[in-house]
Amino acid sequence: MAAGVRSIVALSVCLAAGFLLSILSCALYGNWWPLVVVFTYALAPLPNAVFGGYVSSDPLADVSSSVADFGRFLTSMLVVSGFGLPVVLAHSGIITSAAMMMSVVGGVLVYGTIVVYSTLFRSQQHDF
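Keep in mind it's a predicted model, so treat the numbers as computed, not measured.

## Observations regarding the overall build of the protein
The secondary structure content of the protein amounts to 5 helices and 0 strands. What you see in the protein, going N to C, is helices and strands ordered as α-α-α-α-α. Considering only contacts within the protein whose residues lie at least 6 apart along the sequence, 70% involve residues at least 24 apart. In the structure as shown, the protein presents an accessible area of about 8,500 Å², 72% of it carried by carbon and sulfur atoms.

## Quick look at the UniProt feature "transmembrane region" (unreviewed entry) in the protein
In the UniProt entry, the feature "transmembrane region" (unreviewed entry) is given for residues 36-55, 67-88 and 94-120. Within the segment residues 67-88, helix and strand shares are 100% and 0% respectively, and the terminal C-alpha atoms sit 30 Å apart. As a span, residues 94-120 carries 89% helix and 0% strand, and end to end its C-alpha atoms are 38 Å apart.

## As for helix α2 (residues 36-43)
Those residues of α2 that fall on the buried side of the exposure criterion are Val37, Val38, Thr40 and Tyr41. Angular distribution of buried residues about the axis of α2 spans 155°; they occupy a single face of the element. The exposed residues of α2 that point more than 90 degrees off its buried face are Phe39 and Ala42.

## Thoughts on the nonpolar core
By size, the foremost hydrophobic cluster in this structure holds 7 residues: Val37, Val38, Tyr41, Ala44, Leu78, Val110 and Tyr111. The leading source of residues in this core is α2, at 3 residues. In this structure, Leu89, Ile95, Ala99 and Val104 belong to the second largest nonpolar core, which totals 5 residues.

Reading the values: the criteria
Residues numbered from 1 in each chain as written. Predicted model: local features only at pLDDT ≥ 70, side-chain atom pairs only at ≥ 80, totals over all residues. Heavy atoms only, no water. Helix = DSSP H or I, 4+ residues; strand = E, 2+ residues; numbered from the N terminus. Contact = heavy atoms within 4.5 Å. Areas by Shrake-Rupley, 256 points an atom, 1.4 Å probe, with all protein chains shown as cover. UniProt positions renumbered as here; feature names shortened; annotations may be inferred. Buried < 20%, exposed > 50% of the residue type's maximum accessible area, 1.4 Å probe, protein only. Arc of directions from axis to C-beta. Core = buried A, V, L, I, M, F, W, Y, C linked by side-chain atoms within 4.5 Å.

In structure tokens form, the structure reads like this:
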């Protein structure tokens, strides 16, 4: 049980650091456009949560659900947008390159936290 609490605390620290970097990329450089990326953090896990129930429960089934695949596609589109938007904003001169780097590193921390949380705490029930 203590390992579960430690991992929750570590993941929450990483998540807080990611959001802090994203907000600091806006506040330190006086431009609030990188804050748009934070909305992709909130929206990225939603398609998998909504469409994840359409996945077959049989691990040996070779059938892929098009609804679940569409949810994965939407999630990947939002994740790529979360990384690409700061790069495009920096390339067009709207934000500085330092703000872009802080926003991208914050995105890596946030998305990494989401991925690690979903893999660590996935409930797997096996009937043997």
